[in-house]
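Single-letter residue listing:
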Amino acid sequence: MNKQKQSNKSFFLEGEEIKALRLFLALFYICLIIYDVFYYYLLPYLSERNSFGLPDGGLGFWYHLIFILFLPISFYINKIGKIFAVKYFYLIGFLTVDILNNILIQLENISSNLGIGNAVELVFILFSPLFINKRFFWYTSAGFIFKYALLASVFQQGSMVLAIFLYSIFSLISFIILNRYISNMMTRIKMNDELRHAEKLAAVGRFATSISHEVRNPLASLKGFTQLQHEKHPEDGEYYMIMTNEIERISSLLDDLLVIGKPKGMNFEMQDINEIIDYVLKVMDSDAMNQGVGFLRESDDLPLIECDAKHVKQVLINLIKNGMEAMPFGGEVAIKAELQNSEMIKLTIKDGGQGISKENLAHLGTPFHTTKSDGTGLGLMVSFKIIEEHHGSIQYESEEGKGTIVSVSLPVKQPNY
């Protein structure tokens, strides 16, 4: 799935690059031909100047022929999959040919002044934002300023300084346009991401609504029979209590899914986080033994914190379960609770599993995003939402093949409690 997304993104970018190149090359050749026809033929004819035609000493018609030969080369670059290199090829090629042409003309007409400015150069600078690429913009601006600085140093002509100043102004205008393009693009991407996120949350709500009734009925029966068995076998009361609490947690999970996209109140009470961790480890102990996973518990002497114990347990169970599932051949999950500062506590869950790729790290907590073949992607989404409503945060550190560290920060006191 991730490779497919990368392929789609690459295809989209290449399509946009081709569109920008078509417009850019059309402007390049139109300006190249029309400007030279006007400057070297039409303008001298209208002003009755003697210097009719291309200047002596330069490349002459080869100047234009070389750029026409650029087209088949650019097609070849595109064919070998280097479409993003075409614009750099034209930039470097134009600067090289144009500098050589100017030097040859000046050597032939040593007493004349070099002309400054060219419509094609303005195409490069003012239309470089088409590619929405800051690197190409900087190369373009630096390239033309370097050209005139080089000619100024070689031929000692003050007009080149004026050219440098003018192209610096044009570059500033182009940079403003480029930033506006990028800002607009990022805004659109953000809006699209938020829209997709809202659609996924709505889908979660519809999914939860459709199954809620079917799940609650058997849960009610299970809870009733569990309580009945508890009364018949009071000596196993501890286990029946855990079973009852877990049935209630499943019911609570359905409630969370129903309102996952909406703010909901938490039942904040003073709780001992160490007792919450002990409870969670007791719940997970049986599954851990079956999978050959051991728990390493470490905790400081912590103050009571304001939290919703039921939901914090749900988060810890989700995170520890993920750590266990990342170690199919067994291992150790380390759980550490410490005082981060006077206002925050930090819970750290570390496993020695397979780790998470950078691409998947960026999508953690996204609805329906999962790396498990039988997963739904809802567990982490619910966990992130719960911690967010506790005014805390969840941070992931992971490297493929080296395990994962999850850090959960919770405030000792809720800001609005």
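The rules behind the values
Residues numbered from 1 in each chain as written. Predicted model: local features only at pLDDT ≥ 70, side-chain atom pairs only at ≥ 80, totals over all residues. Heavy atoms only, no water. Axes fitted to C-alpha atoms, helices over the stretch in contact; angles between N-to-C directions. Helix = DSSP H or I, 4+ residues; strand = E, 2+ residues; numbered from the N terminus. Left-handed = near helix turned anticlockwise from the far one by under 90°. Contact = heavy atoms within 4.5 Å. Nonpolar A, V, L, I, M, F, W, Y, C, P; charged D, E, K, R; others polar. Expected span 1.5 Å × (residues − 1). Buried < 20%, exposed > 50% of the residue type's maximum accessible area, 1.4 Å probe, protein only. Arc of directions from axis to C-beta. Pairing = 2+ DSSP bridges. Parallel < 35°, antiparallel > 145°, perpendicular 65-115°, else oblique. Phe/Tyr/Trp six-rings, centres within 6.5 Å; stacked < 30°, edge-to-face > 60°. Lys NZ or Arg CZ within 6 Å of the ring centre and 35° of its normal. Salt bridge = Lys/Arg side-chain N within 4 Å of Asp/Glu carboxyl O.

### A short note on the packing of helix 8 (residues 273-291) against helix 9 (residues 309-325)
The interhelical angle for the contact between helix 8 and helix 9, taken along N-to-C directions, is 35°, at an axis separation of 10 Å. Judged by the twist between their axes, the crossing of helix 8 over helix 9 is right-handed. Only Ala 309, Val 312, Lys 313, Leu 316, Ile 317, Ile 320, Lys 321, Met 324 and Glu 325 of helix 9 make contact with helix 8, whose side of the interface consists of Ile 273, Ile 276, Ile 277, Tyr 279, Val 280, Leu 281, Val 283, Met 284, Asp 287, Ala 288 and Gln 291. Counted by class, the contact of helix 8 with helix 9 contains 15 nonpolar, one polar and four charged residues.

### Re helix 5 (residues 134-155)
In this model helix 5 runs 32 Å from its N-terminal to its C-terminal C-alpha over 22 residues, within 8% of the 32 Å that 1.5 Å per residue would give. Those residues of helix 5 not exposed but buried are Phe 136, Phe 137, Thr 140, Ser 141, Gly 143, Phe 144, Lys 147, Tyr 148, Leu 151, Ala 152 and Phe 155. Projected onto a plane normal to the axis of helix 5, the buried residues spread over an arc of 160° and lie on a single side. For helix 5, the exposed residues set more than 90 degrees away from the buried face come down to Arg 135 and Phe 146.

### Observations regarding the sheet that holds strand 6 (residues 393-398)
Ordered in space as 2-4-5-7-6, the five strands form an open sheet in which the pairing is mixed. The sheet terminates laterally at strand 2 (293-299) and strand 6, the two strands that pair on one side only. On average, each strand axis in the sheet is inclined to that of its neighbour by 15°, with strand direction left out of account. Note: strand 4 (residues 331-341) against strand 5 (residues 344-351), eight bridges, orientation antiparallel. Its bridge partner being in strand 5, Ile 335 is matched across the sheet by Ile 349. With respect to the sheet, helix 8 is in contact with strand 2, strand 4 and strand 5, its orientation differing from that of strand 2 by roughly 165°. Those strands touched by helix 9 are strand 2, strand 4, strand 5, strand 6 and strand 7 (404-411), and its axis lies near 25° from that of strand 5.

### Digging into the packing of helix 3 (residues 86-108) against helix 5
How two helices pack is summed up by the angle between their axes together with the distance between the axes. In the contact formed by helix 3 and helix 5, the axes pass within 11 Å of each other and the chain directions differ by 10°. By the angle class used here, helix 3 and helix 5 are roughly parallel. Counting all contacts with helix 3, which are made through Lys 87, Tyr 88, Leu 91, Phe 94, Leu 95, Asp 98, Ile 99, Asn 102, Ile 103, Gln 106 and Leu 107, the residues of helix 5 involved are Arg 135, Phe 136, Tyr 139, Thr 140, Gly 143, Phe 144, Lys 147, Leu 150, Leu 151 and Phe 155. Along the lines of polarity and charge, the residues of the contact of helix 3 with helix 5 split into 13 nonpolar, four polar and four charged.

### Focus on the pairing of strand 4
With seven bridges joining them, strand 2 and strand 4 adopt parallel strand pairing. If you follow Glu 298 over to strand 4, its bridge partner there is Lys 336. Connecting strand 4 to the antiparallel partner strand 5 that follows it, the hairpin turn spans two residues.

### Comments concerning the packing of aromatic side chains
This structure, assessed with the given rule, holds 26 aromatic pairs. Measuring from ring centre to ring centre gives 5.3 Å for Phe 67 and Phe 70, while their planes differ by 80°; the resulting arrangement is edge-to-face. In this pair, Phe 67 and Phe 70 are both assigned in helix 2 (residues 62-79), three residues apart and thus about one turn of the helix distant. Judged by its relative accessible area of 7%, Phe 70 falls in the buried class. Centre to centre, the rings of Phe 89 and Tyr 90 are 5.8 Å apart; their planes meet at 85°, and the pair counts as edge-to-face. Judged by relative accessible area, Phe 89 falls into the partly exposed class, the value being 23%. Judged by its relative accessible area of 1%, Tyr 90 falls in the buried class. A cation over a ring is seen here: Lys 87 above Phe 136, with NZ or CZ 6.0 Å from the ring centre.

### Some remarks on the pattern of salt bridges
One pass over the structure, following the stated rule, counts eight salt bridges. The closest approach of N and O atoms between Lys 87 and Glu 17, which form a salt bridge, is 2.5 Å. Here Glu 17 lies in helix 1 (residues 2-47) and Lys 87 lies in helix 3, a separation of 70 residues in the sequence. Considered together, Lys 87 and Glu 17 belong to a single accessibility category, that of buried residues. Here Glu 298 and Lys 336 are joined by a salt bridge, their closest N and O atoms 3.9 Å apart. Note that Glu 298 is positioned in strand 2 and Lys 336 in strand 4, a separation of 38 residues in sequence. Classification of Glu 298 as partly exposed rests on a relative accessible area of 43%. Each member of the salt-bridge network shares a partner with another, and the members are Asp 98, Glu 121 and Lys 147.

Nothing here speaks to function; it is geometry throughout.
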